[in-house]
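Here is how the chains run, residue by residue.
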Amino acid sequence: MAAHTHENTAPQNGHLETASLDGKNKVLGFWLFLGAETVLFACLFGTYLALRNQTMGGPTGEHLFDLKLVALATAILLTSSLTSVLAMHAMNQLKLKTMQFWLGVTVLLGLGFLVLEIYEFIHYVHEGHTFMSSAFGSSFYALVGTHGAHVTFGIVWISTLMLQAAKRGITTEMAPKLFVSSLYWHFIDVVWVFIFTLVYLLGKVG
Amino acid sequence: MGTLIVLLVLALFLTAIFTGGYNKDFLDRVKTSKVWDWLTTVDHKKIAILYFMSGFFFFIVGGIEALFMRLQLIVPHNDLFVGDTFNELLTMHGTTMIFLAAMPMIFGLMNAIVPLQIGARDVAFPFVNALGFWLFFAGGLLLNLSWIFGGAPDAGWTSYTSLALNEYSPGPGIDYYVLGLQISGIGTLIGGLNFLVTIINLRAPGMTYLRMPLFTWTSFVTSALILFAFPALTVALLLLMFDRLFGANFFDYTMGGSTVIWQHLFWIFGHPEVYIVILPAFGVMSEVISTFSKKRLFGYTSMVFATVLIGFLGFMVWVHHMFTVGLGPVSNSLFAVATMAIAVPTGIKVFNWLFTMWGGEIRFTTAMLFAVGFIPTFVMGGMTGVMLALPPADYQYQDSYFVVAHFHYVLVGGTVFGMFAGAYYWWPKMFGKLLDEKLGKFHFWTFLIGFHLTFFPQHFLGLFGMPRRVFTYQSGVGLETINLISTIGVFGMTIGTLAFIYNIYKTFKVEAQAPADPWNGRTLEWAIPSPPPEYNFAQLPRVRGLDPFWLEKQAGNKGMTPAEPLGSIHMPSPSYLPVLMSLGFFIAGFGFIARGNYAVGILGLIVVVITMFMRSFEQDHGYHIEPEEIEDANKGVQA
Amino acid sequence: MSRQRLWRALLVFSLAALALSGCSGDPSLNVLEPSGTAGEKQLNLIMWSFFLMLGVFAVVITIFVYVLIRFRKRKGQDRMPEQTHGSTLLEIVWTVIPIVLLGILAVPTVNYTFELADAKPDEDSIRVKVTGHQYWWEFEYPDLGVKTAQELYIPVGKKVHLEIHGKDVLHSFWVPALGGKTDVIPGRVNTMWLDAKKPGKYQGKCAELCGAGHALMDFVVYAKEPAEFDKWVAQMKQPAKVATAAQKEGEQLFLQNCMGCHAGVNPKLQGPDLSKFGTRTTIAGILPHTEENLKKWLKNPEAVKPGAKMPKIDYLTQEELDALTEYLMSRK
């Protein structure tokens, strides 16, 4: 175990997150964790694709999905990925305020996405497409809902880290935490791209 | 909720009595007590002992369940345990043995040995390591509480739907299965992740990948399998939970669901799981055979590649559990060929073990006996494995006693023999005492003979038309004698296990400390005292090749050459958060199982979230052990 | 050490001999003594793979025994073995040979897999719709207009095409002496084919855990000569008559107490069709077909078959029970 260092010096290789052994462990561990998350979502996608036509007389995806709304949600989430990159860039330059600003924007965009998703779900429930209405309903909400839960967790997590960063500044201990949360954020973004394609676009095609 | 408060108060009382009454110094006394030390430890060696001992405890529990089943089957039309009771026994036997006995015993050995073998002071994430154990333990406990509160799960360890749905299994049994395994599964997942990072990042200077001992390699591949296989189980259990608790329709065909999806998800996890529990046993065998043959492992590189290949192919063969589902000849043929392909790397391993012994000087210690007994046993399991891989033949074997015989040959002959070999081999390193060899040999022979007596005849039971998971069988069709022999065999295994328990008890009473290197070992763990100090290595060793300690001994050196000067060693501080978080999960699980009591469930989840925040905001920089202390300790060892 | 090992080997062999001779399986449910084409093909593959594997086992065990005896540490010996790294040649040998062996095994495997999957009915074959229920089997002959339960009649020498349906949980249809199994999956139709080469009685089993009564979810397959089979079909199509006064009373009791489930009124609570109950040879698929056993079943089905869905008919007087039994037994 390497000793922790707390001086605010710019990292030599430009990456503060892997400047300590602890940081290296965290970053590697988190990449591996994302591997496990990939399998998790793959299983949910598989289940959804197998069951998406089992509507049992309820509304179909083609009938339900509103691509405009979903496209807006997609745009919001993709933008938040960009702002998260900007935050990490600021972190490695030790610019606390800039980082906090971009993290804040990321969180707000995430919240915007969530609001849209909740609005969408409420709309679906009114149309008779619920978690319990059919196997299609169950698998749809399981997949999209698990993603939504990940977004929610991400928002809470990043906000928590912003609080910590405000108190402690950018240290070699904070940097890997911030970095992996940003990795996580990109990951749920990528998952959303797959949801957009395999759930909404494919659902519209029929 | 009321029960919960009563239990909480009771626990406080017990703690107070245990630590000598409540007063001002109560908390201090709790914190210095041994129990607190074990509850909060993040030391991989202590966690290893926790894992190994709870795994062994559950092994006994699962064994008793098996004994009950064989007693029921001793004669036809017996009425000792029939119907649902028998189904509970068979479900809990399978679930307990795989998830609560095999997995923790493997994690126990991995925790005890892998950091030592790669020359590390600890694992990459000591906190996560402790959390992994406590989650496993909470899940296992929850699952076994089903016996007392509401009935055990009874749909088989595979818990196939629709049998596992509310309509056909109305009690809380399957809920215990779902939530118990979910909680312990999360623990296993993060445990595997921890070992991957540990092995990648914390190897001592000079310990390249192709110098890692085979046990470390198999632990590495097993951890990778855990990482990629367990999420499939997580999803399967999640969906089943949704179906059972929240009215979803994933597996209910009347609402458009599909029972086959459960089978796919379960076996996408389940087949790699088989390799998860067998690969570390392969690793143990490789270490033991090499040490007691006094030879370098034959074909080390091909052993490594065979391990990786088995792990990789393990993900490609799950459909061979589903040949009779009717997925069509193309899919059946493809998965049959993929399954047969696994025989090739496995064969490579067997021959490498044989040729490691070839030309060596074989010492038949108990550990070696288990390794040696493992070879023909496992090869027989492998033979039937290839036979089972052929779909048309499998149509006959599937779900018959032939399958039962097969997987006990690989799981007992492989994993259990491996764990016993590992226990006898590494006991001195884990506990600082040597297990009794005479008792050990008695243990081996009774267990081996009992095992073959139990399971060899079961091949014939299957071929003579006896399905598995049945609580009775017809008389007069040639099944009585074989079943009787099979039940008699169980007593052999029981006596063997009792001998092991007695051996453990006896060993704890023995005064004599084990030497650092009792077996003339080859790998790094034997270069440090038994048991190792909490920092493992006073100075990180420099590794010059495969079997580094052996190389140093051959070069006439007493120990490893240090790779760093003696300095202050950083250690992680103990934490009560893992126990607290697991307790939260436990309460949450219990709340959701007791339907309609979701308040308790949510309370548990709140505890989990709070502990997560506590962990996130905690600034724990551990503590340091100074060189003077280390030198003092070293003198103590030498004196 | 070697003596103990020898002893163990002897034990294993004597066990094998015992299992093969002393208590061999019964031809009514023995995989190793098939009476149908599918079972024969499967046995071929079983034996073929077994002997191939036995060869491999023999090689391994020979090296194993030799190594253990030859290279064991002897008293007072302290030899330093040569620390070999391996042998490329040997390693190639034991990689290539298994690949070749498995290749040889793969050819008939794939062949048989496709052959057995070809379950399309031809003109001459008998079609049977099989439905697995907790815990009984329903057999329907759509082309012949015949429905039965627990007992499947098939003509010798004809291909029997099975269409396998499920309604509740998974089951698996298995007649060991005729051929391997196919799962019963609710919401899905599976197909398989069977034939019997000689007349006889074959045991059928449920091979997938399906609940408390799984162990007792047995059925019987009767293979009859074609002429006898036709006679059976004719008999099954002939409605049974109500002759005696007791039978009349029994009919009334049947209509009042049993029709709900046994005449398909409630699809969720479906029991076997009993219109030809008198022709059966078992009660509930497991007990001999006697009046005594029928009464035992009626009074407490769960005592006979744990988990059985049928309610207790224990509220009838002794006379009523006799009448109902007589009525049911007369349904021929």
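As named in an unreviewed UniProt entry, chain B is Cytochrome c oxidase subunit 1, taken from Lihuaxuella thermophila. UniProt, in the comment section headed Subcellular location (unreviewed entry), describes chain B in these words: "Cell membrane".

The name that an unreviewed UniProt entry assigns to chain A is Cytochrome c oxidase subunit 3, with the source organism given as Lihuaxuella thermophila. For the record of chain A, the UniProt heading Subcellular location (unreviewed entry) holds the text "Cell membrane". Checking UniProt for chain A, the heading Sequence similarities (unreviewed entry) contains the comment "Belongs to the cytochrome c oxidase subunit 3 family."

Draft legend 1. Quick peek at the UniProt feature "domain: Cytochrome oxidase subunit I profile" (unreviewed entry) in chain B. Listed under "domain: Cytochrome oxidase subunit I profile" (unreviewed entry) in the UniProt record, and renumbered for this structure, are residues 30–544 of chain B. Within residues 30–544 of chain B, the helical portion is 68% and the strand portion 0%, while the C-alpha atoms at the span's ends are 46 Å from each other.

Draft legend 2. Just the side chain of B:Thr497, in detail. Inspection of the secondary structure puts B:Thr497 in helix H17 (residues 480–509). Setting aside anything within four residues of it in sequence, one finds B:Thr497 in contact with B:Phe56, B:Phe59, B:Ile60, B:His443 and B:Phe447.

Draft legend 3. Region of interest: the UniProt feature "domain: Heme-copper oxidase subunit III family profile" (unreviewed entry) in chain A. Here the UniProt feature "domain: Heme-copper oxidase subunit III family profile" (unreviewed entry) sits at residues 28–204 of chain A. For the annotated span residues 28–204 of chain A, helix accounts for 85% and strand for 0% of the residues, and the straight-line distance between the end C-alpha atoms is 39 Å.

Draft legend 4. Expanded view of the pattern of salt bridges. Within the structure shown, the criterion is met by 21 salt bridges over all chains. Put simply, B:Lys45 and B:Asp43 hold a salt bridge, and the shortest N to O gap is 3.1 Å. The shortest N-O distance in the salt bridge between B:Arg469 and C:Glu208 comes to 4.0 Å. With one member in each of two chains, B:Arg469 in the loop between helix H16 (437–463) and H17 and C:Glu208 in the loop between strand E9 (200–206) and strand E10 (219–224) form a pair that bridges those chains. Accessibility assignment for this pair places B:Arg469 and C:Glu208 in one class, buried. Members of the salt-bridge network, linked through shared partners, are B:Lys294, B:Glu361, C:Lys73 and C:Asp78.

Draft legend 5. The arrangement of the interface of chain B and chain A in detail. Every contact between the two is made by 39 residues of chain B and, on the other side, 40 residues of chain A. Both faces combined, the contact of chain B with chain A buries some 3300 Å², and carbon together with sulfur accounts for 72% of it. If you sort the residues of chain B by the area they bury against chain A, B:Phe250, B:His570 and B:Phe617 come out on top, with a joint share of 15%. Where chain B touches chain A, the interface holds zero salt bridges. At the level of secondary structure, the elements contributing two or more residues to the side of chain B that touches chain A comprise helix H7 (173–201), helix H8 (214–245), helix H9 (259–293) and helix H20 (598–617) of chain B. When residues in the side of chain B that touches chain A are grouped by element, the largest group, eight residues, is from H8(B). For the side of chain B that touches chain A, the residue count by class is 26 nonpolar, 12 polar and one charged.

Draft legend 6. Main features of the interface of chain B and chain C. Facing 101 residues of chain B, the contacting portion of chain C comprises 101 residues. Taking both sides of the interface into account, the surface hidden between chain B and chain C amounts to around 8700 Å²; carbon and sulfur atoms contribute 71%. With a closest N to O distance of 3.8 Å, C:Lys73 and B:Glu361 form a salt bridge. Here chain B and chain C share 31 residue pairs in polar contact (both at pLDDT 80 or more) between them. For the side of chain B that touches chain C, the element with the highest residue contribution is H16(B), accounting for 10 residues. Taken together, the residues of the side of chain B that touches chain C break down into 59 nonpolar, 29 polar and 13 charged.

Draft legend 7. Region of the structure containing a nonpolar patch on the surface. All names here are of chain B. Taken together, Ile 5, Leu 7, Val 9, Leu 10, Phe 13, Leu 14 and Ile 17 make up a surface patch of nonpolar side chains, about 730 Å² in accessible area. Position of Val 9 among the secondary structure elements: in helix H1 (residues 2–18). In this structure Val 9 comes out as partly exposed when scored by relative accessible area, which is 39%.

Draft legend 8. Quick look at the packing of aromatic side chains. All chains considered together, the criterion is met by 110 aromatic pairs over all chains. Residues A:Phe101 and A:Trp102 carry aromatic rings whose centres are separated by 4.9 Å and whose planes lie at 65° to one another, so their mutual orientation is edge-to-face. Here the aromatic rings of A:Trp157 and A:Tyr184 are separated by 5.4 Å at their centres, their planes lie at 70°, and the arrangement is edge-to-face. Separated by 27 residues along the polypeptide, A:Trp157 in helix H5 (residues 135–168) and A:Tyr184 in helix H6 (residues 174–205) bring together distant segments of the chain. Each member of the pair A:Trp157 and A:Tyr184 is classed as buried. The positively charged end of B:Arg615 is found above the aromatic ring belonging to B:Phe127, 3.8 Å away from the centroid. For C:Lys181, the ring lying beneath its charged end belongs to C:Trp174, and the centroid distance is 4.0 Å.

Draft legend 9. Spatial organisation of unusual backbone geometry. Residue and element names in this part refer to chain B. Residue Thr 161 is joined to Ser 162 through a cis peptide bond whose omega torsion reads 5°. Looking at where Ser 162 falls in the secondary structure, it is placed in the loop between helix H6 (126–145) and H7. With an omega of -15°, the peptide bond running from Ser 530 to Pro 531 counts as cis. Locating Pro 531 in the fold gives a position in the loop between H17 and helix H18 (548–554). Its identity is not glycine, yet Asn 536 carries a phi of approximately 65°, on the positive side. Here Asn 536 is to be found in the loop between H17 and H18. Under the relative-accessibility criterion, Asn 536 is labelled buried at 2%.

Draft legend 10. Main features of a positive patch on the surface. On the surface, C:Arg70, C:Arg72, C:Arg74 and C:Arg79 cluster together into a patch of positive charge. Along the polypeptide, C:Arg74 turns up in the loop between helix H2 (37–70) and helix H3 (88–117).

The rules behind each value
Residues numbered from 1 in each chain as written. Chains lettered and ligands numbered in written order. Predicted model: local features only at pLDDT ≥ 70, side-chain atom pairs only at ≥ 80, totals over all residues. Heavy atoms only, no water. UniProt positions renumbered as here; feature names shortened; annotations may be inferred. Helix = DSSP H or I, 4+ residues; strand = E, 2+ residues; numbered from the N terminus. Contact = heavy atoms within 4.5 Å. Salt bridge = Lys/Arg side-chain N within 4 Å of Asp/Glu carboxyl O. Buried < 20%, exposed > 50% of the residue type's maximum accessible area, 1.4 Å probe, protein only. Buried area = accessible area lost by both parts, 1.4 Å probe. Nonpolar A, V, L, I, M, F, W, Y, C, P; charged D, E, K, R; others polar. Polar contact = N/O pair within 3.5 Å; in protein donor to acceptor, adjacent residues only side chain to side chain. Patch = residues over 30% accessible without salt bridge, like charges linked within 9 Å, V, L, I, M, F, W, Y side chains within 5 Å. Areas by Shrake-Rupley, 256 points an atom, 1.4 Å probe, with all protein chains shown as cover. Phe/Tyr/Trp six-rings, centres within 6.5 Å; stacked < 30°, edge-to-face > 60°. Lys NZ or Arg CZ within 6 Å of the ring centre and 35° of its normal. Lys, Arg positive; Asp, Glu negative; His and termini not counted. Charge placed at Lys NZ, Arg CZ, Asp CG, Glu CD.

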